[in-house]
Amino acid sequence: MLIWRCWNVRNSVMMAGERVSVDGSVAFLSRYMVSLLQIRQRGPLDDVKGKHKCGDQEMGAPMGDVLKINVDGDFIVETGAAAVGVVIRNKDGTPLLMACRKVVHCRDAEEIEALACLEGSRMGASWADCSFILESDNASVIEKLKMREWQRSNVAPVTSLVLVNLKIMLKLSQG
């Protein structure tokens with residue numbers, strides 16, 4: 001893992017001109033190791049990042065024909081750079097899909113988190129016969145999704161699309 005991280009940092013510095021700190025690499029590797037252990041043990045570990053779920057099931061591996069969709073967004077205020085990441089796991093905790101993409105235009109961290117939820121819900125539509133748990137580490141976006149009604153916020157157009165995807169997926173999984 002250390003060699004892989006060194007190569008990753010090298011590419012970030014050489015190709016993208018990014019600055020990566022040693023502390024950032026240590027934190028990344030620690031979180032990565034915890035994720036790998038969680039997959040290996042096929043059970044939930046203590047959630048050290050304070051993630052919130054959009055649904056009524058326990059965090060960790062989903063039960064039955066339920067998929068867990070973890071999403072995250074990254075926004076750098078100084079440069080305006082942004083990206084989203086999605087991981088979809090089955091009931092055993094085995095990753096079925098992992099994806100990330102750069103986002104060109106973004107206002108703030110809340111918008112990128114909402115876009116990550118949208119991306120995750122769109123990718124979850126590939127498994128029409130399953131229900132899913134959508135999980136994000138942004139409490140304000142999750143609260144907006146839990147309201148399940150139109151609101152007046154900067155991310156309302158995005159959260160509305162996520163809710164439409166959720167309704168479509170629920171209809172597909174029932175019929």
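Since the structure is predicted, the reported quantities are computational estimates derived from the model, not experimental observations.

Colleague: I tried to follow the nonpolar core on my own but got confused; where do I start?
Modeller: One recurring pattern in soluble globular proteins: nonpolar side chains tend to sit buried together. Within the largest apolar cluster, 27 residues are counted, with the highest numbers of intra-cluster contacts made by Ile112, Leu134 and Leu145. Within the residue set of this core, elements represented by two or more residues are strand 2 (66-75), strand 3 (82-89), helix 3 (109-124), strand 5 (131-136), helix 4 (139-147) and helix 5 (156-174). In terms of residue count, the dominant contributor to this core is helix 3 (seven residues). With sequence-adjacent residues up to four places away left out, Ile112 is seen in contact with Gly73, Asp74, Phe75, Ala82, Ala83, Val84, Val103 and Cys106.

Colleague: Sorry, what's going on with the side chain of Ser136 here?
Modeller: Summarising the element assignment, Ser136 is placed in strand 5. Only 3.2 Å separates the side chain of Ser136 from the backbone nitrogen of Asn138, close enough to count as a polar contact.

Colleague: Explanation requested: the packing of helix 3 against helix 4 in the structure shown.
Modeller: For any two helices packed against each other, the geometry is given by the interaxial angle and the distance between the axes. For the pair helix 3 and helix 4, the least separation of the axes is 9 Å and the interaxial angle reads 55 degrees. Judged by the inter-axis angle, helix 3 sits oblique to helix 4. Classified by chirality, the crossing of helix 4 by helix 3 is right-handed. Where helix 3 abuts helix 4, its residues Glu110, Glu113, Ala114 and Cys117 lie against Ser140, Val141, Lys144 and Leu145. Of the residues that constitute the contact of helix 3 with helix 4, the class distribution is four nonpolar, one polar and three charged.

Colleague: Which parts of the structure should I look at to understand helix 4?
Modeller: Helical periodicity: at 3.6 residues per turn, an α-helix aligns residues three or four positions apart in one direction. Among all positions of helix 4, only Val141, Ile142, Lys144 and Leu145 are buried. Each buried residue of helix 4 lies within a common arc of 160 degrees when the element is viewed along its axis, so the set occupies one face.

Colleague: What exactly am I supposed to notice about the pairing of strand 2 here?
Modeller: The two faces of a sheet get side chains in turn, since along a regular strand they alternate between them. Taken across its ten residues, strand 2 has eight buried, putting it largely inside the fold. Examined bridge by bridge, strand 2 and strand 5 share five bridges and lie parallel to one another. Considered in strand 5, the bridge of Ile69 is made with Leu134. Here strand 2 runs beside strand 3; their pairing, made up of eight bridges, is antiparallel. Residue pairing across strands places Ile69 opposite Ile88, the latter belonging to strand 3. The loop that links strand 2 with its antiparallel partner strand 3 comprises six residues; one of these, Gly80, has a positive phi angle of about 80 degrees.

What counts and how
Residues numbered from 1 in each chain as written. Predicted model: local features only at pLDDT ≥ 70, side-chain atom pairs only at ≥ 80, totals over all residues. Heavy atoms only, no water. Core = buried A, V, L, I, M, F, W, Y, C linked by side-chain atoms within 4.5 Å. Buried < 20%, exposed > 50% of the residue type's maximum accessible area, 1.4 Å probe, protein only. Helix = DSSP H or I, 4+ residues; strand = E, 2+ residues; numbered from the N terminus. Contact = heavy atoms within 4.5 Å. Polar contact = N/O pair within 3.5 Å; in protein donor to acceptor, adjacent residues only side chain to side chain. Axes fitted to C-alpha atoms, helices over the stretch in contact; angles between N-to-C directions. Parallel < 35°, antiparallel > 145°, perpendicular 65-115°, else oblique. Left-handed = near helix turned anticlockwise from the far one by under 90°. Nonpolar A, V, L, I, M, F, W, Y, C, P; charged D, E, K, R; others polar. Arc of directions from axis to C-beta. Pairing = 2+ DSSP bridges.

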